Amino acid sequence: MSFAAAPRRPSGGAPRARRRSPLGMAVVAVAVVIAALLLLAQFWTEVMWFDQIGFSRVIWTEWGMRAALFAAGFLIMGGAVFWSFTAAYRSRPIYAPSTPEQATLDQYREAVEPLRRVVMIAGPVLVGFFAGVAASAQWRTVLLAFNSEPFGEADPEFGIDLGFFVFHLPALRFGVGFLISVVVIAAIAGVITHYLYGGLRVGPAAAGPRTTTAARVHLAVLGAVLLLLVGANYWLDRYSILTNAGDRFDGASYSDVHAVIPAKGILTVVAIFVALLFVVTAFRGDWRLPAIGVGLMVVSAIAIGGIYPAVVQRFQVNPNAQELEAEYIQRNIDSTLSAFGIEDVEKEQYDATTQAEEGALREDAATAASIRLLDPQIVSPSFRQLQQNKQYYNFNDSLSVDKYEIDGEKRDTVIAVRELNLDGLGQDQRNWVNDHTVFTHGYGVVAAFGNQPGPDGRPAFFEGGIPSQGAISDLEDGYEPRIYFSPSTQTYSIVGAPEGTEPWELDYQADDADDGGQVNTTFTGDAGPHIGSFGSKLLFALKFGEEQILFSDRVTSESQILYDRDPQQRVSKVAPWLTLDNRVYPAVVDGRVKWIVDAYTTSDAVPYSTSTPLDEAVADTLTQQQGGAVILPEEVNYIRNSVKATVDAYDGSVDLYAWDPEDPILQAWTNIFPSAVKPMEEISGDLMSHLRYPEDLFKVQRTLLTQYHVTNSAEFFSGQDFWNNPADPTSDSTPAALQPPYYLTLQMPGQEESTFSLTSTFIPGGNTDREVLTGFLAVDADAGNQDGVKAEDYGKLRLLELPRDTTVPGPGQVQNNFDSNPTISEQLNILQIGASTVRRGNQLTLPVGGGLLYVQPVYIQSTGGTQFPLLRKVLVAFGDDIGFADTLDEALDQVFGGDSGAEAGDAGTAEDEAPVAPPDDAEGGADPTVPSTEPSTEPSTEPSSEPGGGAGGAPSGDVEAALREAADAMEDANAAQRAGDWAAYGEAQERLQQALEDAIAAEEAQQG
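Residues numbered from 1 in each chain as written. Predicted model: local features only at pLDDT ≥ 70, side-chain atom pairs only at ≥ 80, totals over all residues. Heavy atoms only, no water.

Undergrad: Would you mind showing me how to read the overall build of the chain here?
TA: When helices and strands are tallied, the chain shows 29 helices and 32 strands. Excluding contacts between residues fewer than 6 apart, the proportion of contacts in the chain whose partners are at least 24 apart in sequence is 70%. For the chain, the computed accessible surface area is about 43,200 Å², with 54% contributed by carbon and sulfur atoms. (Helix = DSSP H or I, 4+ residues; strand = E, 2+ residues; numbered from the N terminus. Contact = heavy atoms within 4.5 Å. Areas by Shrake-Rupley, 256 points an atom, 1.4 Å probe, with all protein chains shown as cover.)

In structure tokens form, the structure reads like this:
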């Protein structure tokens, strides 16, 4: 017989307490203080940041719910495990049976006993901590469950409001799953303790009962609770099946409805029955009944939950799939169209012609005049070279397309912000003072006409320069040009100073400035936490690891610290419940530069809707240039552009506007954060005019429309009319990424007037390399210009479906026609000879002239020295007819029989390029790259159409001489560019153009 009691304390009296070292105590105290300060530096600085920006309720609500869930998870898990340990230990038998098994366990008990108290406390604390962390991560789920709103629409199977599936079901699944984990871990703790201390045996039955009464009751109760939770899980599975991902469609199929869902109900009943058997065992002491019950449950799960649905699927559904699945496919179609906002797509059969006829664009004159030639993904280097101004400024690689009203006419615009770029400074200029107190902001916006090139193929800027000047400045009666917040600004800055202090923040350099050619400024807004006090300085010095913050004289009583300056980062912090669009774009609104961010509410719990991975749906050549989508890699089956957000580029203030106030998910979050989102009525007309349909939402919708343009279940089942989105024909990657959608001003068939739109195309689906056009999709992206009123047609999706029996070339075929055309390829090869390369711009598609028109700008860029692209040629295709000319207007005339019937935006620019104002870098002067809006009085710079007729040109028959002169002109242009001699640069560009014309003419003469 062995005892299970604790071993006796050895004799000898109580040991003397060891003296604690004063030095050790001091070290511990210092370590505790340092740790507390570091934690406080992270915690309280966040509180200060949210308080300054006006969203303190967000952080306190999030942290409060996280803390409550952590505490609940910790207490439930830790308490259950501690109770299981304690109950098992306290109910241990006083005398354990004398068996070989118990003799072995005695050794383990003696080894464990000194650590028992530690294990029985540390174990529950450890598992409780991890449980608390897991529970706190569900703060969004729990908040939505307690603040839910009805969708007003029932699911087609159970007739329950969709709000149950979106708001309550995820919380119930989390709760049941969490409790199952608690019971399982508590049961494991109880089994181990009972076994170790003799309450549970696994030896021969002849030696006595295998469990004590206390152990039997303990484990049987845990078993009953576990089975009840498993039954609840089976019951919830019935609802979750409605969002299952299937091979052909998402949602419950015929076999799911007629076999799986009933099986889950049966298994629920079985689980409850087995739980009752465990309760009986707790009182009667017979483990055979629950053992038989568990076996029955396993057999039922295999037979009823697995074999029966498989038999139904194979022998009943598969032979009659189209008929039996029709109802459920239709459910999937209807739910998907509704969940992704594509149920009201306006479809039209478009009998596109491929024959280009003279005057065919006469009825599409407005669209032809608005065709964008400036590719925002290519011209960023041109913006840098011509408008960067200083090395510590920069433009994003991918510019934005917007619209501005210039001289009473809305014009498509390519716009960029001159952002701060500290990497442009030399190493001798990089120090803490410069990085954080002098170079604190960018300066101004730069804008160019989208449909009109400037001199020598440069962008036709209508806003730019430092100080900012141009049409936008005139339109807005001036605007605040200082850019303290922008996507590329990652470091912190310390701004502000007491009144009367000499400014030290660099604005710009000017020759007539009093301060050594430098104009300085002092920030006067309210953009960041104030750090005038010693405590604030200390916290931020610890946060950023910069002791200079604590000791610098430039950190004054009026100082503010600016950080988290990326607009997307700021919006994601104040609204962590939103999913953000990858694109953020600037606009000059009401005298301020605003960054506009589109935000979405999403869900993955809408019954029967198709689940779509966002990162895959939005991937194209644009996201590839950015290094991949920054959107969360989540799968959703519901999405709404419910919020439009703006971030002020000067003071960083964030405004959230309810763009879809009828969205139940937004309504639920508004219940949680009542003051976080402003009503749409507060959107000004100026801001409204710059809001647009978001790209990522459009990409998700076009991805779904490759299949869900088919709305008949039988046709959907066959899949013979599914489409694909085309690969970008200008991409060099392998495999090529998808072609991105493009913003254009165009007039769709059936529209009364042109409107700012977002467009994309479709080609046949399946395993085929045949790339003909099957559809063209456009959405009205113009939100209007009235205060608080969204344009009536905003968000209207229009789909042109091309006849199945016609062959309209798709983007890939058109690009192949361009590249394989002998004349075009010869001229482009000539343009690439020497120190230059050809860059093909975005290939735009427009439904005009009764067919589909393709337009692609062609840029020439130097391969050495100063490199930036200049628009030199334009490619046009309509059917199999191709045009290739210096201007879009000429190329259109080539395609449409010598007269397209419309004038493009660049009509006449070859003969009369936009003049520029005289240069003046000082304040009040005009920027040399901002073209005048007055009619040109300059002589024509167009070279003679006769071969060799231009001044200084090489003889028309001498190709090599012309190419040598072209190379010389390119070198002269680069030298003039580096020297800032724009007059010489323009003269060199004229010689280069003439030399290339001469080379082409000479080549043609030799072949003739």
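The discussion continues.
Undergrad: Please clarify how the pairing of strand β26 (residues 775-780) should be interpreted in this entry.
TA: Along any regular strand the residues' side chains alternate between the sheet's two faces. Counting buried positions along β26 yields 6 of 6 residues, so the element is predominantly enclosed. Here β26 shows a buried face lined by Gly775, Leu777 and Val779 and a second buried face lined by Phe776, Ala778 and Asp780. Pairing of strand β25 (residues 755-764) with β26, which is carried by 6 bridges, proceeds in the antiparallel orientation. When the bridges of β26 are listed, Phe762 appears paired with Gly775. Direction of pairing for β26 relative to strand β27 (residues 797-801): antiparallel, over a ladder of 5 bridges. Along β27, the bridge assignment pairs Val779 with Leu797. (Buried < 20%, exposed > 50% of the residue type's maximum accessible area, 1.4 Å probe, protein only. Pairing = 2+ DSSP bridges.)

Undergrad: I tried to follow a negative patch on the surface on my own but got confused; where do I start?
TA: Taken together, the side chains of Glu752, Glu753, Glu792 and Asp793 present a region of like negative charge at the surface. Topologically, Glu792 is positioned in the loop between β26 and β27. A relative accessible area of 79% places Glu792 in the exposed class. (Patch = residues over 30% accessible without salt bridge, like charges linked within 9 Å, V, L, I, M, F, W, Y side chains within 5 Å. Salt bridge = Lys/Arg side-chain N within 4 Å of Asp/Glu carboxyl O. Lys, Arg positive; Asp, Glu negative; His and termini not counted. Charge placed at Lys NZ, Arg CZ, Asp CG, Glu CD.)

Undergrad: Please clarify how the sheet that holds strand β5 (residues 400-406) should be interpreted in this entry.
TA: Two modes of strand pairing occur in sheets, parallel and antiparallel, and in both the strands are linked by backbone hydrogen bonds. The 5 strands are arranged β5-β6-β9-β10-β11 in an open sheet whose pairing can be described as antiparallel. Two strands close off the open sheet at either side, each with one partner strand: β5 and β11 (469-470). Pairing of strand β10 (residues 459-464) with β11, which is carried by 2 bridges, proceeds in the antiparallel orientation. Paired with Gly464 across the strands is Gln469, a residue of β11. Its contacts with the sheet place helix α13 (residues 380-387) against β6 (409-417), β9 (445-453) and β10, and it is angled at close to 55° to β10. (Axes fitted to C-alpha atoms, helices over the stretch in contact; angles between N-to-C directions.)

Undergrad: Please explain the packing of helix α1 (residues 22-53) against helix α18 (residues 567-574) as it appears in this structure.
TA: Helices that pack against each other are described as a pair by the angle of their axes relative to one another and the distance between those axes. At a minimum axis separation of 12 Å, α1 and α18 run at an interaxial angle of 95°. Between α1 and α18, the angle is such that the two are roughly perpendicular. Counting all contacts with α1, which are made through Glu46, Trp49, Phe50 and Ile53, the residues of α18 involved are Arg570, Lys573 and Val574. Each residue belonging to the contact of α1 with α18 can be placed in one class, and the counts come to 4 nonpolar, no polar and 3 charged. (Parallel < 35°, antiparallel > 145°, perpendicular 65-115°, else oblique. Nonpolar A, V, L, I, M, F, W, Y, C, P; charged D, E, K, R; others polar.)

Undergrad: Can you walk me through the environment of Leu656 in this structure?
TA: Within the secondary structure layout, Leu656 lies in strand β22 (residues 654-658). Taking relative accessible area as the criterion, Leu656 reaches 0% and is therefore assigned buried. Among all residues touching Leu656, those that are not within four sequence positions of it are Phe55, Val571, Ala575, Val643, Lys644, Ala645, Ala676, Val677 and Lys678.

Undergrad: Can you help me understand the nonpolar core in this one?
TA: Note on soluble globular proteins: their nonpolar side chains tend to be buried together. Counting residues in each nonpolar core, the largest one holds 142 residues, and the members touching the most others are Phe55, Leu656, Trp669 and Leu691. Among the elements that take part in this core, helix α6 (residues 162-196) stands out by supplying 9 residues, more than any other. Residues Leu800, Val848, Leu852 and Ala885 belong to the second largest nonpolar core, which totals 66 residues. (Core = buried A, V, L, I, M, F, W, Y, C linked by side-chain atoms within 4.5 Å.)

Undergrad: Just checking my understanding: could you explain the packing of helix α2 (residues 56-90) against α6 for this structure?
TA: Taken N-terminus to C-terminus, the directions of α2 and α6 make an angle of 20°; their axes are 8 Å apart at the nearest point. Looking at the two axes, α2 sits roughly parallel to α6. Relative to α6, α2 is oriented so that their crossing is right-handed. Two secondary-structure elements touch here, α2 through Gly73, Ile76, Met77, Ala80, Val81, Ser84, Phe85, Ala88 and Tyr89 and α6 through Phe178, Leu179, Ser181, Val182, Ile185, Ala186, Ala189, Gly190, Thr193 and His194. Partitioned by chemical class, the residues of the contact of α2 with α6 number 13 nonpolar, 6 polar and no charged. (Left-handed = near helix turned anticlockwise from the far one by under 90°.)

Undergrad: Mind showing me how you'd approach the packing of aromatic side chains here?
TA: Note on aromatic pairs: each is described by the distance of the centres and the angle between the planes. Under the counting rule described, the total for this entry stands at 41 aromatic pairs. A centroid spacing of 5.0 Å and a plane angle of 75° characterise the contact between Trp49 and Phe50, whose relative ring orientation is edge-to-face. Residue classification places Phe50 among the buried residues on the basis of a relative accessible area of 3%. With centroids separated by 5.8 Å and ring planes inclined at 55°, the aromatic side chains of Tyr693 and Tyr794 adopt a geometry described as tilted. Here the residue Tyr693 occupies a position in the loop between α22 (685-688) and α23 (695-708), and Tyr794 occupies one in the loop between β26 and β27, the gap between them amounting to 101 residues. Accessibility classification places Tyr693 together with Tyr794 in one group, the buried group. Clustering of aromatic rings is evident, with ring pairs tying together Phe43, Trp44, Trp60 and Trp63. The ring of Trp49 has Lys573 lying over it, and the distance from NZ or CZ to the ring centre is 4.0 Å. (Phe/Tyr/Trp six-rings, centres within 6.5 Å; stacked < 30°, edge-to-face > 60°. Lys NZ or Arg CZ within 6 Å of the ring centre and 35° of its normal.)

Undergrad: Help me understand the sheet that holds strand β18 (residues 592-603), please; the structure alone is not making it clear to me.
TA: Pairing is antiparallel across the open sheet formed by 4 strands, whose spatial order is β17-β18-β21-β22. Of all the strands in the sheet, just β17 (579-589) and β22 have a single pairing partner and so form its edges. Neighbour-to-neighbour, the strand axes of the sheet open up by a mean angle of 25°, direction not taken into account. Bridging between β18 and strand β21 (residues 638-648) involves 9 bridges; their strand directions are antiparallel. Looking at β21, one finds that Lys594 is bridged to Asp648.

Undergrad: What's the story with the environment of Pro170 in this structure? I'm lost.
TA: By the element assignment, Pro170 lies in helix α6. C-alpha of Pro170 to C-alpha of Ser240: the two residues are 70 residues apart in sequence and 9.2 Å apart in space.

Undergrad: Help me out: how do you make sense of the pattern of salt bridges in this one?
TA: Note on pairing: side chains with opposite charge can pair once their charged atoms come close. Taken as a whole and judged by the stated rule, the model has 30 salt bridges. In this structure, the salt-bridge partner of Glu695 is Arg692, at a minimum N-O distance of 3.5 Å.

Undergrad: Is there a simple way to explain the confidence of the model for the chain in this structure?
TA: Interpretation of this model should avoid reading the predicted coordinates in detail wherever pLDDT is low. Confidence in the prediction for the chain averages 85 pLDDT; 86% of positions are at 70 or higher. Contacts for the low-pLDDT stretch residues 1-11, under 50 throughout, to residues beyond four places or in other chains number 19 contacts. (pLDDT = per-residue confidence, 0-100.)

Undergrad: Mind showing me how you'd approach the side chain of Asp155 here?
TA: Considering the arrangement of structural elements, one finds Asp155 in the loop between α5 (139-146) and α6. Within the structure, the side chain of Asp155 is placed 2.8 Å from the backbone nitrogen of Glu157, a separation counted as a polar contact. A distance of 3.1 Å separates a polar atom in the side chain of Asp155 from the backbone nitrogen of Gly159. Excluding its chain neighbours within four sequence positions, the residues that come into contact with Asp155 are Ile160, Leu162, Phe165, Leu242 and Pro607. (Polar contact = N/O pair within 3.5 Å; in protein donor to acceptor, adjacent residues only side chain to side chain.)

Undergrad: Can you help me understand unusual backbone geometry in this one?
TA: Negative phi values dominate among residues other than glycine, just as trans dominates among peptide bonds. Cis geometry is found at the peptide bond from Ile466 to Pro467, where omega equals -5°. Take Pro467: it is sitting in the loop between β10 and β11. One non-glycine residue, Asn389, lies in the positive phi region at around 75°. Looking at the secondary structure, you find Asn389 in the loop between α13 and β4 (393-394). A positive phi angle, close to 50°, is found at Asp590, a residue other than glycine. By the secondary structure assignment, Asp590 is in the loop between β17 and β18.

Undergrad: Would you mind showing me how to read the side chain of Asp435 here?
TA: Relative to the elements of secondary structure, Asp435 occurs in helix α14 (residues 432-438). Judged by its relative accessible area of 11%, Asp435 falls in the buried class. Reaching out from Asp435, the side chain makes a polar contact with the side chain of Arg430 at a distance of 2.9 Å.

Undergrad: In this structure, what is going on with the environment of Leu267? I would like to understand it.
TA: Along the chain, the position of Leu267 falls in helix α8 (residues 254-284). When its relative accessible area of 2% is taken as the criterion, Leu267 is described as buried. Separated by 37 residues in sequence, Leu267 and Ile304 have C-alpha atoms that sit 8.0 Å apart. For Leu267, the contacting residues outside a window of four places in its chain are Tyr234, Met297, Ser300, Ala301 and Gly305.

Undergrad: Help me understand the pairing of strand β32 (residues 881-885) in this model?
TA: Pairing geometry for strand β31 (residues 870-878) and β32, over 5 bridges, is antiparallel. When the sheet's bridge partners are listed, Val874 is paired in β32 with Ala885. Where β31 folds back on β32, the antiparallel hairpin that results is connected by 2 residues, among which Gly879 adopts a positive phi of roughly 65°.

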